[in-house]
Amino acid sequence: MIKGLMIDSARHFWTIDDVLKIIAQAAISGINTLHWHLTDDQGWRIESKTFPKLHSTDYSAQCNGEFYSQDSIREIINYAAQLHIEIIPEIEIPGHSHALLTAYPELGCSDDARAIICPGKESTFTFLEELFAEMCSIFPGKYFHIGGDEAPKGGWRKCSHCRKKLAEIADENSAYDKNDYELLQGYMANRVHALLKKQGKQTICWNDALAAKNLDTDIIIQYWTAQYADLMKPFAEKGGRFIMSDMFHLYLDYPYSMTPLKKVFDYKPIIKGHDFSNYPGFLGIEACRWGGEPLPQMMDTLFPRLDALFSTASDYNTFTDSLKKRYRDAENEGLHFHPLDKCDPEGEERQKETFAFMINMNAKMNQDAIQHMENSPAQNKDFVESFIKYFFEPSDMEWLEGFMKKIGYSNAVSK
Ligand SMILES: [Zn+2]
């Protein structure tokens, strides 16, 4: 079973020493897998000798600049291996790829569109084949993550190469619709999956790829958001393999007021009341820590929640009792975990922390993201309902309704 943690070096660049410290503590929590998010809009953090512009400081003004050399990556891989941890690298396609498109704009649909990689041009796959071959040579593990979440497909709609490719794909199967741009994402994931397979790797994709009717069911799906909840059951029933990273329970960038310690301890891989742990394709669970903050804040948000997720204690009190030594050891190393008496905040303390987080998150969220949610209410109904159910309490609703109205998200709160 996968017992994983994801860290996001694209948005925050930690020193090698910091990464080793995170791994050392996560190993004590019981992980056997570190999923390393190495590329995103904000930067490309892994050295490429084949395509050096990817990590080059020449592009630092735009987004790149800080990166891990291949030697330092190998040092981290070896350290993790000693602790029986496999590292799964993640290179994001087709979206979250602004850093890649800044360095190599010819991979986009047009030179001024740097939001998404163009799957309509064969030259894209020539590039990706070389790139992934090099990346595979660095990581000895069997898994390779290719992202696939939140891909903005507007650029594809305006691109003649993409439209032509989509028409070809749609022609192959009468069940396909030539206006269904998800097929292009499926096509791209399948092609990269095929070239990773040649390198002996197994592909993992975020659950967004499930919207593609043509997706190769041999690709492992990582579930994170309720917007795709309904696609998970048919996929699992067909024998699809998946990893559970439900954001309402396992995203550790949310504060303790929204994802308290006990909630993480009690986590079961259940979506809309359906238990997914009984499927043969259930590969395990992974906590994700998106975004970046300096090491002290990282330690505070990760621990002890990561311990709770992988604890084998029979009940919650036994688990929290067992943490005393853990806290002492961490203090001795100069590391500060979240104070145990603040791990399950209640009442005003909980409310204050939650509201402050929401206000701060909104300040960082762009208008496009809110608009995107407004525009697809059907798909987002599950998301909004779950967001309210898992992160808020009835006493928060008055505040939440006012807040949603203020930020311009009108059709969210219906109850
Ligand atoms: Zn295109």
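Parameters and conventions
- Residues numbered from 1 in each chain as written.
- Predicted model: local features only at pLDDT ≥ 70, side-chain atom pairs only at ≥ 80, totals over all residues.
- Heavy atoms only, no water.
- Helix = DSSP H or I, 4+ residues; strand = E, 2+ residues; numbered from the N terminus.
- Rg over C-alpha atoms; globule rule 2.2 N^0.38 Å.
- Buried < 20%, exposed > 50% of the residue type's maximum accessible area, 1.4 Å probe, protein only.
- Contact = heavy atoms within 4.5 Å.
- Lys, Arg positive; Asp, Glu negative; His and termini not counted.
- Charge placed at Lys NZ, Arg CZ, Asp CG, Glu CD.
- Donors = N, O, S within 2.8 Å, 3.2 Å for Na, K, Ca; no water.
- Tetrahedral: all angles 85-135°; square planar, octahedral: opposite > 155°, others 65-115°.
- Pairing = 2+ DSSP bridges.
- Domains from an automatic or database assignment.
- Buried area = accessible area lost by both parts, 1.4 Å probe.
- Salt bridge = Lys/Arg side-chain N within 4 Å of Asp/Glu carboxyl O.

1. Quick notes on the overall build of the chain
And step 1. When its secondary structure is counted, the chain shows 17 helices and 12 strands.
And step 2. The C-alpha radius of gyration of the chain comes to 21 Å, within 12% of the 22 Å expected for a compact globule of 415 residues.
And step 3. Expressed along its principal axes, the backbone C-alpha trace of the chain runs to roughly 60 × 50 × 45 Å.
And step 4. Here the chain holds 415 residues, and 57% of them are scored as buried.
And step 5. The long-range share in the chain, meaning contacts at least 24 apart out of those at least 6 apart in sequence, stands at 70%.
And step 6. Where the 44 positive side-chain charges of the chain centre and where its 60 negative ones centre are 3 Å apart.

2. Describing the coordination of the zinc ion
And step 1. Note on the zinc ion: its protein donors are Cys109 (SG), Cys118 (SG), Cys159 (SG) and Cys162 (SG). The metal-donor distances range over 2.3 to 2.4 Å.
And step 2. Viewed at the metal, the 4 donor atoms of the zinc ion are separated by angles of 107 to 114°, and the geometry they form is tetrahedral.
And step 3. Written as a sequence motif, the donor arrangement for the zinc ion is C-x8-C-x40-C-x2-C. In this pair, Cys109 sits in the loop between helix H3 (98–103) and helix H4 (122–138) while Cys159 sits in the loop between helix H5 (154–157) and helix H6 (160–171), placing the two residues 50 residues apart along the sequence.
And step 4. Look at Cys109 and you get buried, because its relative accessible area is 13%.

3. Observations regarding the pairing of strand E7 (residues 202–206)
When a strand is regular, its side chains alternate between the sheet's two faces.
And step 1. A large share of E7 lies buried, amounting to 5 of its 5 residues.
And step 2. Bridge count between strand E6 (residues 143–145) and E7: 3 bridges; the pairing is parallel. Among the inter-strand pairings, His145 is bridged to a residue of E7, identified as Ile204.
And step 3. Both E7 and strand E8 (residues 220–223) contribute to a ladder of 3 bridges, which runs parallel. Within E8, the residue paired with Trp206 across the bridge is Gln222.

4. As for the environment of Leu131
And step 1. By the element assignment, Leu131 lies in helix H4.
And step 2. Taking the relative accessible area as the measure of exposure, Leu131 reaches 0% and is therefore buried.
And step 3. As a C-alpha pair, Leu131 and Ile91 span 40 residues in sequence and 9.9 Å in three-dimensional space.
And step 4. Filtering out sequence-adjacent residues up to four positions away, Leu131 remains in contact with Trp44, Ser48, Phe51, Leu54 and Leu100.

5. Quick look at the domain arrangement of the chain
And step 1. Once the domains are mapped, the chain shows domain 1 (2–342) and domain 2 (346–415).
And step 2. Between the C-alpha centres of domain 1 and domain 2 there is a distance of 25 Å.
And step 3. Opposite the 18 residues of domain 1 that make contact, domain 2 presents 16 residues.
And step 4. Both faces considered, domain 1 and domain 2 share a buried interface measuring about 1500 Å² in area, 63% of it formed by carbon and sulfur atoms.
And step 5. For the domain 1 face of the interface with domain 2, the top three residues by lost area are Gln227, Phe248 and Met258, together amounting to 41%.
And step 6. The salt bridge involving Lys272 is made with Asp382; its shortest N-O contact spans 3.0 Å.

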